Amino acid sequence: MLRQLQQIAQWFDDRLHLTKLFASTAGHRVPKSSGSWFYVFGSGTMLCLMLQLVTGTCLAFVYVPSADEAYTTLEYLTYEQPLGWYLRALHYWGSNFMLGIMSLHMAQVFLFGAYKYPRELTWITGVLLLFVTLGLAFTGQVMRFDQDAYWGLGIGTAIMGRVPVIGAQLVNLMLAGPIIAGETLSRFFTLHVFILPGTILALIGVHLRLVLTKGINEYPKPGVPVRRETYVEEYETLVEKEGVAFVPGAISKDLYFSAFVMLAIATCAAVFGPKGPEGVPDPTYIQTAPQPDFLFLWVYSVAALLPPYTETVVLLVGPAVGVLALLALPFISNTGEKSARRRPVAVLTVLVAFLGLGLLTWAGLTSPWSPHMQAWTSDPTPVAFVKGRSPLELQGALVLQNKQCRNCHALDGVGGHRGPDLSTVATRLTRDQLVRQVIQGGGNMPAYGKNLSPAEVDALVAFMMTLHPANELPARDATLSVRRSP
Amino acid sequence: MDFDALYRSQCAGCHSRDGRLAAARPLNDPTYLAFVDPTALRRVISEGVPGTSMPAFSQKRGGLLTDAQIDVLVDRLTEATPGVRIALKLPPYSAPLGDATRGAMVYQTFCSKCHGAEGRGGPNGQSIVDPAYLSLVSDQALRTAVVAGRIDLGMPDWRGYVPGRVMSPQEVSDVVAWLASQRPRQPRPSTP
């Protein structure tokens, strides 16, 4: 009986070459020293991705990517579908864990010098994987299409819109129009569900292929630098002499870690539940202090903390420099010491990076640059801006309060500081431009569009037209250069 | 619960902090406080005035204030004894609209010297018949303005338009009807 089974297995193996496949993949030999607790993060990230693919597919069965239905289907999932909330929670926490473990993986690879010769390409594909994963997280938060998503997107657009010359086109490409609308959601859905996951799978294929061809980094020893001439040979002897098959020799810790990650995700999902959806996107209702997802909070702080005149440069040049530095890293430090004990600068870099991100996130959580939620009811329209105003203009001042413009805009320095102080706005913008700004938004400002009645727009603009110093005339079309598009 | 803290954080934005000049009427004007009806006051604070910029504050209406907090506001604002009201011989807080045609005449008597012959603005007052303006204010706000005036803006009250001639309750209702009749007939926007 047993023999017969074996024969059948043999028959299949003869045709499918499964043992060979196994020997050259999961069973490939790795340095014994790499069976370390430090080496578990790669497989942990992979596991999270698998979880995301499964939960994501399940979510896609119910989710409808249209502006009016996205929110409803999510509410249905959360409150009606049995365990639908848990599915959403798993997907949300899976994404957080994936990025978290991925950062650990990256830090470990960096500290252990694993990116050095001959594994440059492994690092580069890894960096690309990081970007695609961030892309998935960003497009994922938009799927909720709630207020947080709206603001997250608003900030993303604000950064894009700063690109010189083609900024407006980029925003158009990203949002499928000048403002965040239903088309935006279809676009992000396609990215989130087809393009980015496809890319990530392809990149992982290359990444893993490289792990097989170039081997996994041995546990670095201080004082044993990488030399291009000898490294490959040294590595081969090492694997020959004291290598073990990855399965079953070195995989046990990965399995423990994977189990732990699964448990952690399942627990977080059960305890904290899914995120949102937190209210249909409505730019006039901002009392809940919406914020982009935790992961992107630091970007939001950077945008908020920078002095305005540096914003464009930093927000555009900064990421470009960062990306280039990451991609160039394995070529800049291609050989030499691998051990973190001999690379104080590397250790410092990692510490500063994590500390910086942590501090910025904290600043984002607590910053006064997020809309100042009480301004609309607590900061009076300054007396000078009330004096001599007509009844209509006074109504405009009231609309400005009531529609919570003050939460982002100061008058005479008092109020929120997300947008420019409006005290002298009439010297900068003409009536038409004011109408346009209010209705279409632009920059980090939401489009108020249908949330204002024509009379409210009239009053608002009439009031804003009075906001200029007594000795300076309001802006006129002829004297004003064309304004930056949204 | 502290009235001042509540008022400063919730109302000062529109109704002014120290009662000097404000976009909406300052709520420390004794004439106004004697005029206003406590029930109406509570209703306005809780439910807002639909179609205007006065928001609803009651938590039931999506606002931030509890019933107890609203009580604190109402109690303090209506402290001025009803005695003042009688002593001043104030017209009633609310009344149905009067007759617009008579209102036009009342307007000429009491108001035109400041707001101009047709209400579009004159030497001492600006337009009060702008369609957008009228779309954004309630009839009650117009009535309140006529009776209690806007001391902060230089608008007298019902006793002060013509020296020695106090407006009668009927004249108040008529002139408000005249103003309201010029409001464009479009559906009021619903403000949440």
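Residues numbered from 1 in each chain as written. Chains lettered and ligands numbered in written order. Predicted model: local features only at pLDDT ≥ 70, side-chain atom pairs only at ≥ 80, totals over all residues. Heavy atoms only, no water.

Caption draft 1: Main features of the overall build of chain B. Each helix and strand counted, chain B has 11 helices and zero strands in total. Order of helices (α) and strands (β) in chain B, N terminus to C terminus: α-α-α-α-α-α-α-α-α-α-α. Counting across all 192 residues of chain B, residues that qualify as buried make up 48%. Restricting to contacts in chain B with at least 6 residues of sequence separation, those with at least 24 account for 63%. Only carbon and sulfur atoms are counted for the fraction: they give 56% of the accessible area of chain B, which is about 9,300 Å². (Helix = DSSP H or I, 4+ residues; strand = E, 2+ residues; numbered from the N terminus. Buried < 20%, exposed > 50% of the residue type's maximum accessible area, 1.4 Å probe, protein only. Contact = heavy atoms within 4.5 Å. Areas by Shrake-Rupley, 256 points an atom, 1.4 Å probe, with all protein chains shown as cover.)

Caption draft 2: Representation of the overall build of chain A in the model. Broken down by element type, chain A carries 20 helices and four strands. Here chain A, with 486 residues, has 47% of them falling under the buried criterion. Intrachain contacts of chain A at a sequence separation of at least 6 include 79% that bridge at least 24 residues. Total accessible area on chain A is roughly 24,300 Å²; 68% of this is exposed by carbon and sulfur atoms.

Caption draft 3: The arrangement of the nonpolar core in detail. In this structure, Met 464 and Leu 467 of chain A together with Tyr 32, Met 167 and Val 175 of chain B are the most contacted members of the largest nonpolar core, which totals 74 residues. Among the elements that take part in this core, helix 20 (residues 454-465) of chain A stands out by supplying nine residues, more than any other. Leave out the neighbours within four places in its chain, and Val 175 of chain B touches Gly 103, Val 106, Tyr 107, Cys 111, Val 146 and Met 167 of chain B. Formed by 44 residues, the second largest nonpolar core is a distinct cluster that contains Leu 77, Leu 90, Leu 99 and Ala 137 of chain A. (Core = buried A, V, L, I, M, F, W, Y, C linked by side-chain atoms within 4.5 Å.)

Caption draft 4: Expanded view of the interface of chain B and chain A. Each partner contributes to the interface: chain B provides 32 residues, whereas chain A provides 29 residues. Of the roughly 2,500 Å² buried at the junction of chain B and chain A (both faces included), carbon and sulfur atoms supply 65%. Counting across the interface, chain B meets chain A through zero salt bridges. The interface formed by chain B and chain A includes three residue pairs in polar contact (both at pLDDT 80 or more). Tallied by class, the residues present in the side of chain B that touches chain A amount to 17 nonpolar, 11 polar and four charged. (Buried area = accessible area lost by both parts, 1.4 Å probe. Salt bridge = Lys/Arg side-chain N within 4 Å of Asp/Glu carboxyl O. Polar contact = N/O pair within 3.5 Å; in protein donor to acceptor, adjacent residues only side chain to side chain. Nonpolar A, V, L, I, M, F, W, Y, C, P; charged D, E, K, R; others polar.)

Caption draft 5: Just the packing of aromatic side chains, in detail. All names here are of chain A. Within this structure, the stated rule accounts for 21 aromatic pairs over all chains. Each ring, one from Phe 112 and one from Tyr 219, has its centre 5.2 Å from the other, and the planes form 75°; the classification is edge-to-face. Pair noted here: Phe 112 is in the loop between helix 5 (84-111) and helix 6 (120-143) and Tyr 219 is in the loop between helix 9 (182-214) and helix 10 (231-242), with a separation of 107 residues, a long-range link. Through successive ring pairs, a cluster of aromatic residues spans Phe 38, Tyr 39, Phe 112 and Tyr 219. Here the basic side chain of Arg 119 rests over the ring of Tyr 235, its NZ or CZ set 5.0 Å away from the ring centre. A cation over an aromatic ring shows up here: Arg 343 above the ring of Phe 110, its NZ or CZ 5.6 Å from the ring centre. (Phe/Tyr/Trp six-rings, centres within 6.5 Å; stacked < 30°, edge-to-face > 60°. Lys NZ or Arg CZ within 6 Å of the ring centre and 35° of its normal.)

Caption draft 6: Up close: the packing of helix 3 (residues 41-62) of chain A against helix 12 (residues 252-272) of chain A. Residue and element names in this part refer to chain A. Contact geometry for helix 3 and helix 12: axes closest at 9 Å, N-to-C directions at 45°. Between helix 3 and helix 12, the crossing angle belongs to the class labelled oblique. Crossing angle aside, the handedness with which helix 3 passes helix 12 is right-handed. Where helix 3 approaches helix 12, its residues Phe 41, Ser 43, Gly 44, Leu 47, Cys 48 and Leu 51 are matched on the opposing element by Asp 254, Phe 257, Ser 258, Val 261, Met 262 and Ile 265. (Axes fitted to C-alpha atoms, helices over the stretch in contact; angles between N-to-C directions. Parallel < 35°, antiparallel > 145°, perpendicular 65-115°, else oblique. Left-handed = near helix turned anticlockwise from the far one by under 90°.)

Caption draft 7: A look at the packing of helix 4 (residues 67-79) of chain A against helix 5 of chain A. All names here are of chain A. Put simply, helix 4 and helix 5 touch, their axes get as near as 5 Å, and they point 110° apart. On the basis of the axis angle, helix 4 is roughly perpendicular to helix 5. The segment helix 4 lies against helix 5, with Leu 74, Leu 77 and Thr 78 engaging Gly 84, Trp 85 and Arg 88. Its residues assigned to classes, the contact of helix 4 with helix 5 shows three nonpolar, two polar and one charged.

Caption draft 8: Spotlight on the confidence of the model for chain A. Residues and elements named next belong to chain A. Looking at chain A, the pLDDT average stands at 84 and 88% of residues meet or exceed 70. In the model of chain A, helix 7 (residues 147-160) stands out as the element of lowest mean pLDDT, 70, in contrast to helix 3, which has the highest, 95. Throughout residues 283-288 the model reports pLDDT below 50, and contacts reaching past four residues in sequence, or to other chains, amount to 20 contacts. Per-residue pLDDT stays below 50 along residues 478-486; that stretch engages in 14 contacts with residues further than four places along the chain or on separate chains. (pLDDT = per-residue confidence, 0-100.)

Caption draft 9: Looking closely at helix 1 (residues 2-16) of chain A. All names here are of chain A. An ideal rise of 1.5 Å per residue puts 21 Å on 15 residues; helix 1 measures up with 21 Å between its terminal C-alpha atoms. Little of helix 1 is tucked away, with one of its 15 residues classed as buried. Positioned one or two residues after helix 1, His 17 has a phi angle of 55°, which is positive. (Expected span 1.5 Å × (residues − 1).)

Caption draft 10: Just the pattern of salt bridges, in detail. Counted by the stated rule, this structure contains 10 salt bridges over all chains. Salt-bridge contacts for Glu 218 of chain A lead to Lys 338 of chain A; the nearest nitrogen and oxygen are separated by 3.3 Å. Of this pair, Glu 218 of chain A sits in the loop between helix 9 and helix 10 while Lys 338 of chain A sits in the loop between helix 14 (308-332) and helix 15 (344-366); the two residues are 120 residues apart in sequence, bridging distant segments of the chain. Its relative accessible area of 1% is what places Lys 338 of chain A among the buried residues. With its nearest N and O atoms 3.5 Å apart, the salt bridge here joins Glu 337 of chain A to Arg 342 of chain A. On the accessibility criterion, Arg 342 of chain A (47% relative accessible area) is partly exposed. In the salt-bridge network here, residues are joined through shared partners; they are Asp 99, Arg 102 and Asp 174 of chain B.

Caption draft 11: Helix 1 (residues 3-10) of chain B, seen in detail. Listing the buried residues of helix 1 of chain B in full gives Phe 3, Leu 6, Tyr 7, Ser 9 and Gln 10 of chain B. In the core, the buried residues of helix 1 of chain B are packed alongside helix 16 (375-378) of chain A together with helix 2 (12-15) and helix 5 (67-77) of chain B. With a side-chain oxygen positioned 3.3 Å from the backbone nitrogen of Asp 4 of chain B, the residue opening helix 1 of chain B is Asp 2 of chain B.

Caption draft 12: Highlighting a nonpolar patch on the surface. Residues and elements named next belong to chain A. Nonpolar side chains collect at one region of the surface, where Met 1, Leu 2, Leu 5, Ile 8, Trp 11, Phe 12, Leu 16, Leu 18 and Leu 21 lie side by side and expose about 1,000 Å² of accessible area between them. Elements that contribute at least two residues to the nonpolar patch include exactly helix 1 and helix 2 (18-24). Per-element accounting of the nonpolar patch gives the leading share, six residues, to helix 1. Inspection of the secondary structure puts Leu 2 in helix 1. (Patch = residues over 30% accessible without salt bridge, like charges linked within 9 Å, V, L, I, M, F, W, Y side chains within 5 Å.)

Caption draft 13: Seen up close, the confidence of the model for chain B. Residue-level pLDDT values for chain B average 87, and 93% of them are 70 or greater. Listed scores for the predicted complex are pTM 0.65 and ipTM 0.92.

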